[in-house]
Amino acid sequence: MDRLVGWLRHYDWGSATALAALRGVEPSGRPEAELWFGSHWSAPATLTDGCPLDDSDLPFLVKLLAADRPLSLQAHPDAATAAAGHRREEEAGLDRDDPARCFPDPGPKPELLCAISRFDTLCGYRERDEAREVAATLSVPPDLLGSEKVDDSNGWNPVVAALAGDRSDDVERVVSAARAAKGARGPVGQAAGAVLRIADHHPGDPALLLVPLMRRLVLEPGQAVFICPGVLHTYLDGVALEVMTPCDNVARGGFTTKNVAPEVLAEVVDGAAAPIVQRPGDGAHRYEVSVDDFSVRRVAGDLEVEVGERNGPDVVVAVEGTTTVGDGLELTPGDAAWIPVGDGPYRLAVDGVAYRVSAGG
C-alpha cells in the first residue's frame, strides 16, 4: 500500500479555497474544481515514488469535488446508448478530444455523489403535476408543457430537445418570474432560487427553462445520491466525494462554455429516473449502487475496521480527522491511499470520516 498523489483539475466552476482548506494547504490562486485519484488516461494519480497508476486498469475514478458555481446541465448514457453513440462518432471520424464528441467511450458512466459539506444539486425531474405547477408559476412557455409535447412514456425529453431553438424571450420571462417568486415557500421558491443562482452565471441560457421542472436536492454531510445513467443533473455548490467509472461520456444541455447538444441529451435522458437520497449514520455504512464496477463505504466516528479478502484494489480517502491504513500509513483530510489487491486483508482505523472505495460490487 502507498499514499496516492492526486491530480488537481482547474475548471472555472471550481472553488478557489474549499479543496485547499480541506487539505490544509495554501490555495493555488486558481479555481480548484476536482482532485482526481485514479488511473484515468488524462490525469493519472501517482504513488509517492512518482509512478503513475495509468497501467493499473483501475475500474473506477475517485474525485474530491468543490463547486462554487453551477456545473453544466448533463446526463450520462446507459450501456446501449453509449455503444451506439460511440460507434456513430467513430464512423464519423471524430477525434477523441473533438469538442463535439458526446461518446468518446463505449460504456456507461454511473456516479455516486457523497456530500462532504452541504451540497446543493438539481437532480432528475419533479413529479409530473408538481413540475407543471411550478413551471407555469415561473412562466415556462405553454408550448413546452402542452400534452402534445409531454406524455407518460417520454417524460420531459421533448422539452430538452426544444432548447436547441432561440428561446431568449422565454428565458427572460422565466427569470423575471423567478425574481417575483424569490423567497416564496415550497417548490416554487426552491425553483426560483435555483433559476436566479444559475442565471447570475449563465444569463440567457435556454437550459434555464428546464430548472423549474427539476428536483432540487440539498445533501447534508454524509448523505449521497447515486446518479444512474439517464439522470438529468447539475451541481450548484458544495464539496463532495464522487465515484464513477473512468468514462468520459456526457451529453450537455447548457450552463457551460463547452459544446451543448440538446438533441443528444434528449436521447440520453431517462425521464423516469429519480435518485433517492441515502442517509447514513455513524459507523460503517455501505451505499447502495446498482452497478458491479465499484462499491463505496463511509467509515465515521472512532472506529477500527478489519478489511478482508477483496476482488480488486481499494482507494481510501480521508475527509475529516485522522485515518490510519494498515500498520501505519496515516492520512489527513484530502489524503488518499492505494491498497493493491495483492496486499490482502488490512486494518482501517478512523477517528473522523473516511471513504473506502473498492473494485467490484
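Preceding this section is the structure that the text describes.
Residues numbered from 1 in each chain as written. Predicted model: local features only at pLDDT ≥ 70, side-chain atom pairs only at ≥ 80, totals over all residues. Heavy atoms only, no water.

A short note on the packing of helix α6 (residues 168-181) against helix α7 (residues 186-201)
Item 1. As a packed pair, α6 and α7 sit with axes 8 Å apart at the nearest point and diverge in direction by 125°. When the axes of α6 and α7 are compared, the pair comes out oblique. Note that α6 runs across α7; the crossing there is left-handed. Counting all contacts with α6, which are made through V174, V175, A178, R179 and A181, the residues of α7 involved are V188, G189, A192, V195, L196 and A199.
Item 2. Of the residues in the contact of α6 with α7, the class split is nine nonpolar, one polar and one charged. (Axes fitted to C-alpha atoms, helices over the stretch in contact; angles between N-to-C directions. Helix = DSSP H or I, 4+ residues; strand = E, 2+ residues; numbered from the N terminus. Parallel < 35°, antiparallel > 145°, perpendicular 65-115°, else oblique. Left-handed = near helix turned anticlockwise from the far one by under 90°. Contact = heavy atoms within 4.5 Å. Nonpolar A, V, L, I, M, F, W, Y, C, P; charged D, E, K, R; others polar.)

A look at the packing of aromatic side chains
Item 1. As enumerated under the stated definition, the model contains three aromatic pairs in all.
Item 2. Geometrically, the ring pair formed by F119 and Y235 is edge-to-face, given 5.4 Å between the ring centres and 75° between the ring planes. In this pair, F119 is assigned in strand β8 (residues 119-125) and Y235 in strand β11 (residues 233-244), connecting sequence segments 116 residues apart. The burial state of F119 is the same as that of Y235; both residues are buried.
Item 3. The aromatic ring of W36 is capped on one face by R9, whose charged end is 4.5 Å from the ring centroid.
Item 4. Above the face of the Y11 ring, K258 is positioned so that its terminal group lies 5.5 Å from the ring centre. (Phe/Tyr/Trp six-rings, centres within 6.5 Å; stacked < 30°, edge-to-face > 60°. Buried < 20%, exposed > 50% of the residue type's maximum accessible area, 1.4 Å probe, protein only. Lys NZ or Arg CZ within 6 Å of the ring centre and 35° of its normal.)

Functional significance is not addressed by these values, which are geometric in nature.
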